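Examination of the molecular architecture
Here's the letter readout for the chains.
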Amino acid sequence: MSPEQPAGKPAGGLISPAQNTWCPGCGNFAIEHMMKSAIAELSEEEGIPLHNFVLLGGIGCHGKLVDYLNVNSFYGIHGRSIPAATGMRLANPDLKIICHVGDGDIYAEGLDHLIFAAKRNSDITVIVHDNRVYGLTTGQYTPTSPFGFRGRSTPGGITEHPINPLEVMLAAGATHIARGYTKKVRHLKDLFKEAILHRGFSFVDVLQICATYFNLTGYYDAHAYELAEGEVETGRFESAQEKIREWDYDQEAPIALGTFYSVEKPIYEEKFQALTAGKPDRRALVRKMIEGRR
């Protein structure tokens with residue numbers, strides 16, 4: 001899509017002609033279509049040109065989403081989409097950078113990049129397709145799999161407890177933290193829109209159903225609930241932490257869905273620009289050097 005293309009829908013709509021190969025019943029379908037709706041509504045309501053949206057994917061079933069939506073996209077290697085995202089945002093402040101990553105992809109291989117992007121408050125949005133299993137490689141456990149999970153690599157059950165990614169992000173310095181569920185589609189779309197519009201590091205952990213290797217539909221349906229307005233003081237760290245700790249991705253407990261924390265702080269890109277202000281334009285110097293050698 002060219003930079004000159006207007007904000008209206010691209011040719012063929014936002015769904016690409018690529019053949020979809022997700023399993024029937026996969027929660028990724030809900031994420032795909034709610035992301036499509038969120039982008040379309042933000043383009044119409046906020047006047048954000050469609051060519052300013054960039055989707056990044058990691059390695060895993062979730063990564064196919066960047067093929068299925070007809071917007072600018074980039075594939076990162078396992079756990080490494082966030083470094084590419086932060087670089088894109090530094091290079092072009094007009095872009096709306098949205099990373100679609102998996103729980104194995106980003107909480108294992110890419111955890112260091114996730115933590116540092118949150119720490120820096122880089123102005124990007126991270127959507128985690130958290131099915132709590134390595135679905136693409138047929139059922140190994142991930143950092144959010146519950147204690148005792150029996151998978152292809154651990155038929156006897158795992159002997160470790162999962163991390164609570166929301167608490168990790170709160171401690172790391174993320175300025176917007178939310179959780180959704182793929183069967184609450186309208187709520188999920190609203191969470192996406194809110195996260196994309198937030199100025200700073202936005203994090204949404206989506207409880208995504210893997211119908212083939214770890215179907216938790218019944219469990220989530222019985223435990224998940226949407227946060228009521230005012231139930232959490234989203235501008236107060238202690239209030240967010242208390243609600244985030246209500247369910248630790250392991251114990252039997254109510255599972256809150258919604259925004260837990262959202263505050264405004266200086267973004268990394270502004271601090272980086274201030275650091276480099278008044279210094280020589282490195283790109284011009286590099287270009288001059290290259291051209292001088294011809």
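Note that the structure is predicted; figures quoted are calculated from it, not measured.

About the cut-offs
Residues numbered from 1 in each chain as written. Predicted model: local features only at pLDDT ≥ 70, side-chain atom pairs only at ≥ 80, totals over all residues. Heavy atoms only, no water. Helix = DSSP H or I, 4+ residues; strand = E, 2+ residues; numbered from the N terminus. Rg over C-alpha atoms; globule rule 2.2 N^0.38 Å. Areas by Shrake-Rupley, 256 points an atom, 1.4 Å probe, with all protein chains shown as cover. Lys, Arg positive; Asp, Glu negative; His and termini not counted. Charge placed at Lys NZ, Arg CZ, Asp CG, Glu CD. Buried < 20%, exposed > 50% of the residue type's maximum accessible area, 1.4 Å probe, protein only. Contact = heavy atoms within 4.5 Å. Axes fitted to C-alpha atoms, helices over the stretch in contact; angles between N-to-C directions. Parallel < 35°, antiparallel > 145°, perpendicular 65-115°, else oblique. Left-handed = near helix turned anticlockwise from the far one by under 90°. Nonpolar A, V, L, I, M, F, W, Y, C, P; charged D, E, K, R; others polar. Pairing = 2+ DSSP bridges. Phe/Tyr/Trp six-rings, centres within 6.5 Å; stacked < 30°, edge-to-face > 60°.

Regarding the overall build of the protein chain
Per the secondary structure count, the protein chain includes 11 helices and eight strands. Against the globule reference of 19 Å for 294 residues, the protein chain gives a C-alpha radius of gyration of 20 Å, in line with a compact fold. Split by element, the accessible area of the protein chain, about 13,800 Å² in all, is 53% carbon and sulfur. Taking the 30 positively charged and 35 negatively charged side chains of the protein chain as two groups, their mean positions are separated by 7 Å.

Description of the side chain of Thr125
By the secondary structure assignment, Thr125 is in strand 4 (residues 125–130). The exposure class of Thr125 is buried, given its relative accessible area of 3%. Beyond its immediate chain neighbours, meaning those up to four positions away, Thr125 contacts Ile97, Ile98, Cys99, Ala195, Ile196 and Ser202.

So, the packing of helix 6 (residues 165–172) against helix 9 (residues 237–244)
Closest axis-to-axis distance for the helix 6/helix 9 pair is 9 Å, and the angle between their directions is 160 degrees. Taken together, the axes of helix 6 and helix 9 lie roughly antiparallel to each other. The two elements helix 6 and helix 9 cross, and the hand of that crossing is left-handed. Between helix 6 and helix 9, the contacting residues are Leu166, Glu167 and Leu170 on the first element and Phe237, Ala240, Gln241 and Ile244 on the second. When its residues are assigned to classes, the contact of helix 6 with helix 9 shows five nonpolar, one polar and one charged.

Comments concerning the pairing of strand 4
Most of strand 4 sits out of view: six of its six residues are buried. Along strand 4, one buried face is formed by Thr125, Ile127 and His129 and the opposite face, lined by Val126, Val128 and Asp130, is buried too. Here strand 3 (residues 96–102) pairs with strand 4 via five bridges, running parallel. Bridge pairing in strand 4 links His100 to Ile127. As paired strands, strand 4 and strand 6 (residues 202–207) are joined by six bridges and run parallel to one another. If you follow Val126 over to strand 6, its bridge partner there is Phe203.

Describing the environment of Ala224
Mapped onto the secondary structure, Ala224 falls in strand 7 (residues 224–226). In this structure Ala224 comes out as buried when scored by relative accessible area, which is 16%.

Details of the packing of aromatic side chains
One pass over the full model with this rule turns up seven aromatic pairs. Judged by centre distance (4.9 Å) and plane angle (85 degrees), the rings of Trp22 and Tyr68 are edge-to-face. Highlighted residues: Trp22 in the segment before helix 1 (28–46) and Tyr68 in helix 2 (residues 65–68), separated in sequence by 46 residues. Under the relative-accessibility criterion, Trp22 is labelled buried at 7%. In this structure an aromatic cluster arises from ring pairing among Trp22, Phe29 and Tyr68.

What about the sheet that holds strand 4?
Taken together, the eight strands give an open sheet; going across it, the order is 2-1-3-4-6-5-8-7, and neighbouring strands pair in mixed fashion. Looking at which strands have only one partner, the edges of the open sheet turn out to be strand 2 (72–75) and strand 7. Between one strand axis and the next, the sheet turns through 25 degrees on average, direction left out of account.

Points about the packing of helix 3 (residues 81–91) against helix 5 (residues 111–120)
Following both chains from N to C, one finds helix 3 and helix 5 inclined at 30 degrees, their axes separated by 8 Å at the closest point. One element, helix 3, and the other, helix 5, form an angle in the roughly parallel class. Two secondary-structure elements touch here, helix 3 through Ile82, Pro83 and Thr86 and helix 5 through His113, Leu114 and Ala117. Here the contact of helix 3 with helix 5 is built from residues that sort into four nonpolar, two polar and no charged.

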